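# Per-entry structural report
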Amino acid sequence: MASSRWCREAFHQARGGGVAVHKAGHGYALLSERTGAPLARLTPTGEADTVQVPWWNGARWGAAGPFGIATTPLDQALDYIASTPLFWIND
């Protein structure tokens with residue numbers, strides 16, 4: 001799994017900054033630096049650099065859509081979070 005510094009740099013590039021990364025349980029939580037609101041989690045699956053990407057619905061972590069929690073390589077997960085407005089509604 002990438003370091004939190006690498007994740008933060010990727011988001012600063014994709015979103016113009018403003019994302020904090022914190023170790024949380026078995027993965028990483030991405031939080032808005034502006035509001036402190038949770039945006040997403042990155043939970044390693046144990047298969048190469050593949051992660052699960054749940055979003056914060058205001059009460060708990062869950063699927064960002066009707067097809068379950070996204071599972072994708074880390075670089076694609078960061079692009080997915082950065083480009084999907086749903087992750088940013090609590091920001």
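Everything discussed here concerns the structure shown above.
Residues numbered from 1 in each chain as written. Predicted model: local features only at pLDDT ≥ 70, side-chain atom pairs only at ≥ 80, totals over all residues. Heavy atoms only, no water.

Within the protein chain, the secondary structure is distributed over two helices and seven strands. Ordered by position from N to C terminus, the α and β elements of the protein chain give α-β-β-β-β-β-β-β-α. Out of the 91 residues belonging to the protein chain, those deemed buried represent 38%. Taking contacts inside the protein chain between residues at least 6 apart in sequence as the whole, the part at least 24 apart equals 33%. For the protein chain, the exposed surface amounts to about 5,100 Å²; the carbon and sulfur share of it is 51%. (Helix = DSSP H or I, 4+ residues; strand = E, 2+ residues; numbered from the N terminus. Buried < 20%, exposed > 50% of the residue type's maximum accessible area, 1.4 Å probe, protein only. Contact = heavy atoms within 4.5 Å. Areas by Shrake-Rupley, 256 points an atom, 1.4 Å probe, with all protein chains shown as cover.)

Since the α-helix turns once every 3.6 residues, residues separated by three or four places project in the same direction. For helix α2 (residues 74-83), the set of buried residues is Leu74, Ala77, Leu78, Ile81 and Ala82. Along α2, the residues classed as buried sweep out an arc of 130° about the axis, all on the same side. In this structure, α2 carries Asp79 and Ser83 as exposed residues pointing more than 90 degrees from its buried face. (Arc of directions from axis to C-beta.)

Unusually for a residue other than glycine, Ala48 sits at a positive phi of about 50°. Within the fold, Ala48 resides in the loop between β3 (38-44) and β4 (50-53). Its relative accessible area of 83% is what places Ala48 among the exposed residues.

All right, on to the side chain of Arg41 then. In this structure, Arg41 sits in strand β3. Of the side chains with opposite charge, Glu33 lies nearest to the buried Arg41, which makes no salt bridge, at 17 Å. In contact with Arg41, other than residues within four places in its own chain, are Ala24, Gly25, Tyr28, Ala29, Gln52, Val53, Pro54 and Trp61. (Lys, Arg positive; Asp, Glu negative; His and termini not counted. Salt bridge = Lys/Arg side-chain N within 4 Å of Asp/Glu carboxyl O.)

Structurally, Thr45 is set in the loop between β3 and β4. Residue classification places Thr45 among the partly exposed positions, given a relative accessible area of 32%. Separated by 18 residues in sequence, Thr45 and Gly27 have C-alpha atoms that sit 9.5 Å apart. Those residues in contact with Thr45, other than ones at most four positions away along the chain, are Thr50, Val51, Gln52 and Thr71.

This next bit is on the environment of Thr72. Within the secondary structure, Thr72 is located in strand β7 (residues 70-73). Here the alpha-carbon distance between Thr72 and Gln52, two residues 20 residues apart in the chain, equals 6.6 Å. Those residues in contact with Thr72, other than ones at most four positions away along the chain, are Asp49, Thr50, Val51, Val53 and Ala77. Side chain to side chain, Thr72 and Gln76 meet in a polar contact 3.0 Å long. (Polar contact = N/O pair within 3.5 Å; in protein donor to acceptor, adjacent residues only side chain to side chain.)

In short, geometric facts, not functional conclusions.
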